[in-house]
Every structure is written in structure tokens, then in C-alpha cells.
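Given next are the chains, with one letter for each unit.
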Amino acid sequence: MALGKYSRVDGRKSSSYCSTVTIVVFVALCFVGVWMMTSSSVVPEQNSDLSSQGKKNDVSTQVIGSKESNNNPDDESNPTDEGKTKQFEDNPGDLPEDATKGDVLVSQEENHSNPQETESTSEVKQEEKSTEQKEDTGDSKSETQSKRGTDNSDDKKEDGQYKVDDKDSEAGEKNENKSVGEEIEEGADEKKSVENSAELNDKKDQEGSDEKADGQKKDQSSSEVFTSGAQSDLLNETTTQNGAFVTQASESKNEKEMQKSTGSDKESSYTWKLCNSTAGPDYIPCLDNLEAIRNLRSTKHYEHRERHCPDNPPTCLVQLPEGYQRSVEWPTSREKIWYHNVPHTKLAEVKGHQNWVKVSGEYLTFPGGGTQFKHGALHYIDFIQQSVPEIAWGKQTRVILDVGCGVASFGGYLFERDVIAMSFAPKDEHEAQVQFALERGIPAISAVMGTKRLPFPSRVFDVVHCARCRVPWHIEGGKLLLELNRVLRPGGLFVWSATPVYQKLPEDVEIWEAMKKLTNAMCWELISKTKDRVNGVGVAVYRKPTSNECYEQRSKDAPPLCQGSDDPNAAWNVPLQACMHKAPVDTSERGSQWPESWPARLSKSPYWLLSSEVGVYGKPAPEDFTADYEHWKHVVKNSYLTGMGINWSTVRNVMDMRAIYGGFAAALRDLNVWVMNIVSIDAPDTLPIIYERGLFGIYHDWCESFSTYPRSYDLLHADHLFSKIKTKCGLPAIVAEVDRILRPEGKLIVRDKAETITELKSMLKSMHYEVRMTYTKDKEGLLCCQKTMWRPKDVETLTYAIA
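Quick notes on the rules
- The numbers attached to residues start from 1 for each chain and follow its sequence in the written order.
- Totals for whole chains, interfaces and linings use all residues, but because this is a predicted model, local features are given only for residues with pLDDT of at least 70 and pairs of side-chain atoms are given and counted only at 80 or more.
- With hydrogens and water set aside, each side-chain value is computed from the structure's full complement of heavy atoms.
- UniProt positions are given in the numbering used here, feature names are shortened, and annotations may be inferred rather than shown by experiment.
- The definition used for a disulfide is geometric: two cysteine sulfur atoms within 2.5 Å.
- Numbered from the N terminus, helices here are DSSP runs of H or I no shorter than four residues, and strands are runs of E no shorter than two.
- Each residue is assigned to one of three classes by its accessible area relative to the maximum for its type, calculated with a 1.4 Å probe on protein chains only: buried under 20%, partly exposed between the two thresholds, exposed over 50%.
- The rule for pairing is simple: two strands pair if DSSP sees at least two bridges between them.
- Crossovers are described as right-handed under a simple rule: with the strands pointing away from the observer, the path leading from the first strand over the helix to the second runs clockwise.
- Buried residues of nine kinds, namely Ala, Val, Leu, Ile, Met, Phe, Trp, Tyr and Cys, make up a nonpolar core once their side-chain atoms join them within 4.5 Å.
- Residue contacts are defined here by distance: any two heavy atoms, one from each residue, within 4.5 Å place the two residues in contact.
- On a range of 0 to 100, pLDDT expresses the predictor's confidence in each residue.
- Only the stretch in contact is used when fitting a helix axis, every axis being a line fitted to C-alpha atoms; angles between N-to-C directions are given from 0 to 180 degrees.
- Three classes are used: nonpolar for Ala, Val, Leu, Ile, Met, Phe, Trp, Tyr, Cys and Pro, charged for Asp, Glu, Lys and Arg, and polar for all others, with Gly counted as polar.

For the chain, the name recorded in an unreviewed UniProt entry is Methyltransferase PMT26, with Anisodus tanguticus as its organism. Under the UniProt heading Sequence similarities (unreviewed entry), the entry covering the chain gives this text: "Belongs to the methyltransferase superfamily." Its UniProt record, at the heading Subcellular location (unreviewed entry), says of the chain: "Endomembrane system".

What follows is the structure, encoded as C-alpha cells:
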């Protein structure tokens, strides 16, 4: 089509030459005009800098509708094997029939040997292949696109719209690929006028570190190319209901008023500024609220370390630490991280002799020690197992709570025993301890035991652990220890490793006697008290009762039993009470039996989930649970693992922002990832189910900031969350919070209504996110994008936080 490139220059006079050029240009323009008129009316979106990237090669992708492909035996792109078709399906299993379904295939050719040139062509008809001019990637590509615009629109059609952005996530590498979208015009069903398009958008790598952690595995493929792309079966959440589950908002009697929608006037402009906070790169809005902390009447109970969220959720973006680079990958990250990512040395100075953390050149290293296990967490873990064989790490015991976790080495090494730990510590003078844990790839949140209940359901943890966590369990009627009693399963264990267990100093003896009296009154049985000769520390292990006999036989009602009207599952901003809840005795009641051994408990519906109860999706609760699990297994296997170009070896910290039954987390169990499951306070309270199956999570209100440091997660997953809360909070505030907790080069996967996907896409592009893939069908949509290193230059005028 570009005839000018092939015109001969034969030395004639310039006037003749100019005439020839003029004619050629005119003919070329005619061809372009004809091509534009005959091509699809759907114009795929292009990145704004597409025209400036002419030096890059184009990557073309063709989308094939499965129905039409199967009906056209002459089309070479038609799969001949049922397995090939199913590979790209996103089957809902037994979910409601209104969950949409469609098939999309994206095929690619091998990359050329030149690292700066990457060409991926779709499967086309044989005559198109024979006429394609591969030696000229510029002009022949235009001719091929013209053919596809006319030929394929007649014999191929699709049900949905699918757009993909190809992006190389490997930091520090400069493999630049450019993508041009191809359009497929629907000709058979003009009545529906469904627009179909596939797009590989222009992309450019963000610069990261040129240095890798020693021992860190480098990606074998520097470019994350989408090898499959069917994102059908978008879960239609309009059929969701509460079923038999009450909401956390209704359970929590003293919950704060919901945050009002703010920032709606900013949604059209999408202007971002850096947060003006003295906390700088470590800003946590609800923990760094200077104004609220100054107005506190008392800090006696650590009120200043509790959540105090701003009245208006911030819409600013948190700056990056100077010298920040891509995080070290797991499992190397357990032993060392980049110093510049968490540039704090106070713990190394104060706790270095206890092997918490040390400074080693560009790295911060973690020998695996702690205050009570300076010779390593693994020895300490084995010592507890030997002291109490019934703890059975990874079988009987699966989910634990680690109170005052330090840098979370205990939880980090429990992964080797198939145990997951919900670790937490306050944001206090132990500088960045939880931030160290998260950067290492270990689960942790920033929280404190103060005046309110922990944001967990009752009776969910198999073990609660405290290694010199500095919590005064014995004071004020044992209010704090009684909170642990609330979240501990009947029959669960409390492992206490502290100086009062083994030292004979007057203060330690006094505390031990007070604890002995309190635990006896709580009917906790001391089943082991042993001393580890290697670490020189002692460990006391208590068991919570499984019946109410002991409570009824006590001579004094102290601590008292809670009132029958007190809901032990109410956990959001509920004040602590110095009372105990009765043990469940009905065999169908949650907590009356110990869960199945791990991993059997992961896939089995909990015994207390009754068929007479209605599940979230409208089926009997056990069937609902099973259908949800089957659905997410299929989605993860056939879409997320292979169809989004995500290099899962670089993913460690994952959050499911709307978890329901935890099916998404369960489907990822074979990967080296951990998933923080979030159940919104105004959603059906399914968090106990998540714990019962050997996973963990937390209650949260997404109109407030999450209790974690910036740059905590590698991947965020939001299934029909944004459309449900955007009218309540405003999208800018929610998206700013997503940006805060997502690491640079981290991925965001959103399944939601098409209109919300469109709005999110525009907003994320304004934040310089790289939109890697979009898919829309039947008013439902899917979005996958990647955060970049971009930060705005302007700083907002308001100050929200203190250091």
C-alpha cells in the first residue's frame, strides 16, 4: 500500500520526479481512505504517545470468536481440539446462569532473535499468510491489517470486547514493544450492535534497579506476553445477597458512621498530588492522623497507636523512598531486602544482637532471630513442637495469631511447616518492624491491643503466640487476655514465651503469679512449661476449654461471662470488655468441633454451614461454597495464570479486596504466595468461613485506609468491589488507597461493571498505570493494569500525618 517506498529513482529531471511523487502520494492517500471506510467502525484506544514510538515494532493480536470459529471449518484459527478451546474458558462451575460466558483466543508467534524487535502475529487464513511481506514490518503490516479489516469482519465475530496491553515487568530492562489494536467488525448481528476489538497498547518499561539480590532468580522471559486471553464468565454480582450471613456493620454496635462520599468533584479532572505528610514514604492515613492524636484525652491504653482515620479520606499519592527499586523476590527476601526500600536502621542498632535485622552494604539482612529465639526461628518452632506434640504444625495447627511479631521471623519460617501467621505489631518506637515483615514477603498488619477488639471474628485461630510481646495481660481484669480468648478456638493453644515464665526477678515472679491466677479463673489449662537450653528461654502453653463445665463450677464469677446479647463476632470498632463468652455446645454450631486437618479443610464445606441456610449467591450455603471454589479454580487456572501475562514468580504478597468465601485465595494455594482476604464490614460476614478452611483475613471499611505500610502488596484483586462502594466513598479516594498499598510494578486485577471498568481505566491512566488488558461483555468487564514508578511533582497543601 505504501507505494512511495518502492518507487524507482532513475535520475530524471526534478520536475518529473516531483510529479511522480505527487501521484504516488495521491494514490497512497486514496488507498488509505478506502481502507478507513471499509475497516471496522470500532476504533481501539491507543496510548497517547503511540505516534512517537515509530522506532518500535508492532505486535498484532487477533481475537477470534469461538462460536464463529467452530462454524467455519476453513478457518485455520479454529481449534481442532476441545482441550485447546477449554484452555481459554472461564467457566463458572455451578454459579448462577446469569454469569456471562464467552471464549477468546489469542495466539502468538515466537519472538525474533533481535531483542529490540518483537512480532506476534495472529492465526489467519492460508492465503493471507502466503502474501504477507515479513521482511518489511512497516508496510506489510499495514496491508495485512487492511485485509483483516475487510476479510475477517465477514466471517468472524465475537460476543465481547477484549483489549490487551503487553508489558515487560522486569525492572531495569529496556525491551520496548509497541502494539497496534486490530478491530473485528460484527456483521452478522447488527441488531445487537456489539462492538468487538482486541488491542495491544503501546507500552514502555519503567526503569528499576540494575542490581538483583544475590541468589534471586531472574525471569527467564523478559517480556510478559499474553499467551491466552479468554476472560469470560464474569461473575454477575447483581444476584449477590446476604443469605444467612449478617453484615459486620450490623454486628458492630458501636461502629463509626460510614464515611461520606467526597472528592466527587475531582473525578472529572483526575489531578494527583503527593501527600504532604511528615510520615513521608511511610504514610498510613488512619495511624498517622496528627489532629486526632493531639485531641486524645489519654494515651494510657495505647489510644495513640489505634486507628484514627481522617474525616475525608485522602486522595493524594504517597512518595517513594529515595533509591527505591524492585523488591527482592521470595524466598531470598526472607533473608535480605534492599536497604533503600525500607531505609531504617534503628532496629538493627537496638536488636542486632538478638538477630532481628542487620545492615550489610546495600541490604538489610535477617538472620531469623528474635528476642526469644536469637539462635533462629526454626529451632524455636521445633522446640515448641517437641514441648507440645499435639500442636502438630501444618496439620492440627494451620492458622495462628502472632502478637507483637517484631519483624515476623516466626511467621516467616512457619511457612516451611505449612502454617500461616497473622502477625501484627504497633507502629511505635520499634521503627518499621511490620514494614520489614511485608518487604520480606511475610504477612503482617500494623495494629495494637488497646481499647478495641481486634478486627477478627471469634473462635478462629488455632494458636495464639506471644514471644515477649510486652503486652500486660494481667492488668485491668485481664481485659487483653480475654480478647485473645475471644479469637481463640475452643481447644486452641496460647503459647507464651516471656521472662515471667522462666526468670526469678521480683517483677517477673509477681507477673507469673498474677497470670497463674487469671488463667485459672479463665479455665485455661497449663499443659506445658519448659525451658529451651539453646535460647535460654522458657515457654508456657495453655489450652482453652471446649465446654462450659469449668465456667459453671467456678466459686467466683470473675472474670464474668458475657451477657447473652453480646455478639462475640462483632469486631469493628467495638470496645473491649472484661468478660468471657460461653463455649458453643450445639454440634452444628461453629467452634464446637475442630476443623479438618490441613489441607483437607481447604476444600471441604464447614460442618456448621447448613443446607437450610442461603448462601451469598442464592444457593444452599454448602452448595454455594463449593460452586464458588470451583469457579475460582477455573478462573485462576485458565485466565489469571496464563491469560494476563503476569509472571507469578515475582508475586508474593496478595490481597483479595472482596473475598466472599476465600475461593480466590484457595485457588492460589499451590503458588508461593499468601493472600490477605478482606471482608467489608457492610458485606455478608463470611470471614469465619475463610478461617475455617485454613486461610486468614480481616474486616475492613474501604472508605478508610488499610492498616498497612505503603508498597505492601504485589497484587490486588477486586471482584465487583468498586461499583459497590464508589457512591459511598468516591473512586478517587479508593484508587489512591489502592495506589498506596500496591508496590511499583504491582498488578491490579478488577472484575466489575463495564461502566466502572471504563471509569477506573481512565483514572489509572491518569496515574500513569499501564493498562495491560481490558475485556467487556454484557455490561461486565475485566481490567488488569500495572503500577509504575511515576509520582506527581506537586505536593498538596494539607498535612494529614506525623512521623
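What about the state of the cysteines?
Inspection of every chain in the model, using the stated rule, returns 6 disulfides. A disulfide bridge connects Cys-523 with Cys-550, and the sulfur atoms are separated by 2.1 Å. The disulfide joining Cys-523 to Cys-550 has a torsion of about -85 degrees about its S-S bond and is therefore left-handed. Placement of the pair is Cys-523 in the loop between helix H14 (506-521) and strand E18 (525-532) and Cys-550 in helix H15 (residues 549-553), with a sequence separation of 27 residues. Classification of Cys-523 as buried rests on a relative accessible area of 9%. Between the sulfur atoms of Cys-562 and its disulfide mate Cys-579 the distance is 2.0 Å. Between Cys-562 and Cys-579, the S-S torsion sits near 90 degrees, and that sign places the bridge as right-handed. Here Cys-562 is found in the loop between H15 and helix H16 (600-603), whereas its partner Cys-579 is found in the loop between H15 and H16, with 17 residues between them in sequence. A relative accessible area of 11% means that Cys-579 is categorised as buried. If you count the bonded cysteines of the chain from the N-terminus, they pair up as 1-4, 2-3, 5-6, 7-8, 9-10, 11-12. Sulfur of Cys-784: no disulfide; nearest cysteine sulfur belongs to Cys-785 and is 6.6 Å away. For Cys-784, a relative accessible area of 0% translates into the label buried.

Observations regarding the pairing of strand E14 (residues 420-425)
Taken across its 6 residues, E14 has 6 buried, putting it largely inside the fold. On E14, burial covers both faces: Ile-420, Met-422 and Phe-424 on one face and Ala-421, Ser-423 and Ala-425 on the other are all buried. Sheet topology note: the E14/strand E15 (residues 445-446) ladder contains 2 bridges and is parallel. Within E15, the position partnered with Ala-425 by the bridge is Ser-446. With helix H11 (residues 433-440) bridging E14 and the parallel E15, this β-α-β connection has right-handed handedness.

With respect to the nonpolar core
If you look at the biggest cluster of nonpolar residues, it comprises 126 residues, and the most contacted ones within it are Leu-401, Trp-473, Phe-494 and Trp-496. The element that contributes the greatest number of residues to this core is helix H21 (residues 731-741), accounting for 6 residues. Non-local contacts of Phe-494, meaning those with residues more than four positions away in its chain, are made with Val-464, Cys-466, Trp-473, Leu-481, Leu-484, Leu-488, Met-515, Trp-524, Ala-540, Val-541 and Tyr-542. Counting residues in hydrophobic clusters, the runner-up holds 21 residues, among them Ile-391, Tyr-413, Ala-421 and Val-541.

What about the confidence of the model for the chain?
Confidence in the prediction for the chain averages 78 pLDDT; 67% of positions are at 70 or higher. The model gives residues 1-16 a pLDDT under 50, and that stretch makes 14 contacts with residues more than four places away or in other chains. In the model, residues 258-268 has pLDDT below 50 throughout and makes 27 contacts with residues more than four positions away in sequence or in other chains.

Some words on the packing of helix H20 (residues 722-729) against H21
Put simply, H20 and H21 touch, their axes get as near as 7 Å, and they point 120 degrees apart. In this structure, H20 contributes Phe-722, Ile-725, Lys-726 and Cys-729 to the contact, and H21 contributes Leu-731, Ala-733, Ile-734 and Val-738. Here the residues of the contact of H20 with H21 sort into 7 nonpolar, no polar and 1 charged.

Considerations on H11
Note on helix geometry: an α-helix contains 3.6 residues per turn, so any two residues three or four positions apart are oriented the same way. Burial of H11 is extensive: 8 of the 8 residues sit out of reach of the surface. All of the buried residues in H11 are Gln-433, Val-434, Gln-435, Phe-436, Ala-437, Leu-438, Glu-439 and Arg-440. Just downstream of H11, Gly-441 is the residue with a positive phi angle, here 95 degrees.

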